[in-house]
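Next come the chains, spelled out residue by residue.
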Amino acid sequence: MPYPVTVLTMFPEAFPGPLGVSLIGTAWRERGLWSLDTVDIRAFSDDRRGFLDDTPAGGGPGAVLKADVVARALDSLDGPKRPLLYMSARGRPLTQARVKDWATADGLVVLCGRFEGVDQRVLDARGFEEVAVGDAVLAGGEAAAMVAIEACVRLLPGVLGQAASLESESFEDGLLEHPQYTRPRTFEGHDIPEVLLSGDHQKVARWRQEQREQTTRERRPDLWAAFADKTTPRG
């Protein structure tokens, strides 16, 4: 059975976007390893004009997606219980650990907000996980949804083909990935590091580990602190 992904959105035409290309797209369209469906939230408005939002309670600018409309869209879905994600700048960060958990579930349902967001009551009542893809605010949840979905489905067995290629990626063991090089040997005066051309696999592995540690220390001190704490022997 394919891994089912359903997106609740006001703009179903935004999909598949980048999810439809390269190995991810092939795994969907040609190999059937995962499926992608979109549900237009607008279809569940009980307003004859199709309105699905209202002014914020307590006042303020913008509009809020109504709880009853989102609930009806969600309740229209069939199939097994799946993790429910709501893409939101106020959510917990998207991490590789969370992605790995979702990839072992029975699929994924992703809600894309717009305007000022979604009525908190439907998020709480239905058990949505609020997920942020970075410390920035987007106009809507569609682009963020694509990030979360791609991060998840690429881990499904057979999608990328080489399980070994996933093991040394960024975040898998708490470190960022080492830099990569390929031919030509010299590019605009910059050479491939000699150790990578030495044929000594132990030296290459040691160099890559050193690069991972150095890059993580410089770019993500938060990750480095957690890695150092985890790997420091306890007295």
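Here is a short report on the structure shown in this document.

How each quantity is defined
Residues numbered from 1 in each chain as written. Predicted model: local features only at pLDDT ≥ 70, side-chain atom pairs only at ≥ 80, totals over all residues. Heavy atoms only, no water. Pairing = 2+ DSSP bridges. Helix = DSSP H or I, 4+ residues; strand = E, 2+ residues; numbered from the N terminus. Axes fitted to C-alpha atoms, helices over the stretch in contact; angles between N-to-C directions. Buried < 20%, exposed > 50% of the residue type's maximum accessible area, 1.4 Å probe, protein only.

Another point: the sheet that holds strand 5 (residues 84–93). If you walk across this open sheet you meet the five strands as 2-1-6-5-7, and the pairing is parallel. Of all strands in the sheet, those with a lone pairing partner are strand 2 (34–40) and strand 7 (129–132), marking the two edges. Each neighbouring strand pair of the sheet contributes to a mean axis angle of 35°, computed without reference to strand direction. As paired strands, strand 1 (residues 3–9) and strand 6 (residues 108–112) are joined by four bridges and run parallel to one another. Along strand 6, the bridge assignment pairs Val7 with Val110.

Next up on the list: the pairing of strand 6. In terms of burial, strand 6 is largely enclosed, as five of its five residues are buried. Residues of strand 6 alternate between two faces, with Leu108, Val110 and Cys112 on one and Val109 and Leu111 on the opposite face, all of them buried. Bridging between strand 5 and strand 6 involves four bridges; their strand directions are parallel. Paired with Met87 across the bridge in strand 6 is Cys112.

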